[in-house]
Amino acid sequence: MKKAYKIEVDCANCANKMEEAARKTPGVKGAVVNFMTLKMNVEFDEGQDHRAVMEQVRRNCKRVEDDCEIYL
């Protein structure tokens, strides 16, 4: 399953950090952050609860960039 999320981030470097953190989250098959459109596209592993995985993605992103936001 693929889903798109609105994000809030201050710079392209921070967006790259968010993308990397999302990709490393268990349950995420792939993630792409577009700084220009302020969107995060996430593909989930088969059988994963996307809500639970995205809560973990949000926590992981906050660890690398504490002033970012992902609107679930």
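What you see is a predicted model; the values in this text were computed from it and never measured.

Another point: the overall build of the protein. Looking only at helices and strands, the protein features two helices and four strands. If you list the helices and strands of the protein from N to C, you get β-α-β-β-α-β. For a compact globule of 72 residues, the expected C-alpha radius of gyration is about 11 Å, and the protein comes in at 11 Å, within 12% of that figure. A burial count over the protein gives 36% of its 72 residues as buried.

Residues Met18, Met40, Met54, Val57, Cys61 and Ile70 are the most contacted members of the largest nonpolar core, which totals 20 residues. Every element with two or more residues in this core is listed here: β1 (2-8), α1 (12-23), β2 (28-34), β3 (39-44) and α2 (50-64). The element that contributes the greatest number of residues to this core is α1, accounting for five residues. Those residues in contact with methionine 40 that sit more than four places away from it in its chain are Lys3, Ala4, Tyr5, Ile7, Met18, Ala22, Val32, Val33, Met54, Val57, Cys61 and Ile70.

In the sheet, β2 pairs with β3 via six bridges, with the strands oriented antiparallel. Among the inter-strand pairings, asparagine 34 is bridged to a residue of β3, identified as lysine 39. As consecutive antiparallel partners, β2 and β3 are separated by four residues, and within that stretch leucine 38 has a phi angle of approximately 55°, a positive value.

Taking 1.5 Å of rise per residue, the 15 residues of α2 would be expected to cover 21 Å, and the 21 Å separating its terminal C-alpha atoms lies within 8% of that figure. The set of residues buried in α2 consists of His50, Val53, Met54, Val57, Asn60 and Cys61. Mapping the buried residues of α2 onto a view down its axis gives an arc of 120°, with all of them on the same face. Of the exposed residues in α2, those oriented more than 90 degrees away from the buried face are Arg51 and Arg63. Against β1, α1, β2, β3 and β4 (69-71) lie the buried residues of α2.

To continue, consider the pairing of β3. Side chains Met40, Val42 and Phe44 project from β3 onto a buried face, and the interleaved Lys39, Asn41 and Glu43 project onto a face without burial. In terms of strand pairing, β1 meets β3 through five bridges, oriented antiparallel. Bridge pairing links alanine 4 to asparagine 41 in β3.

About the cut-offs
- Residues numbered from 1 in each chain as written.
- Predicted model: local features only at pLDDT ≥ 70, side-chain atom pairs only at ≥ 80, totals over all residues.
- Heavy atoms only, no water.
- Helix = DSSP H or I, 4+ residues; strand = E, 2+ residues; numbered from the N terminus.
- Rg over C-alpha atoms; globule rule 2.2 N^0.38 Å.
- Buried < 20%, exposed > 50% of the residue type's maximum accessible area, 1.4 Å probe, protein only.
- Core = buried A, V, L, I, M, F, W, Y, C linked by side-chain atoms within 4.5 Å.
- Contact = heavy atoms within 4.5 Å.
- Pairing = 2+ DSSP bridges.
- Expected span 1.5 Å × (residues − 1).
- Arc of directions from axis to C-beta.

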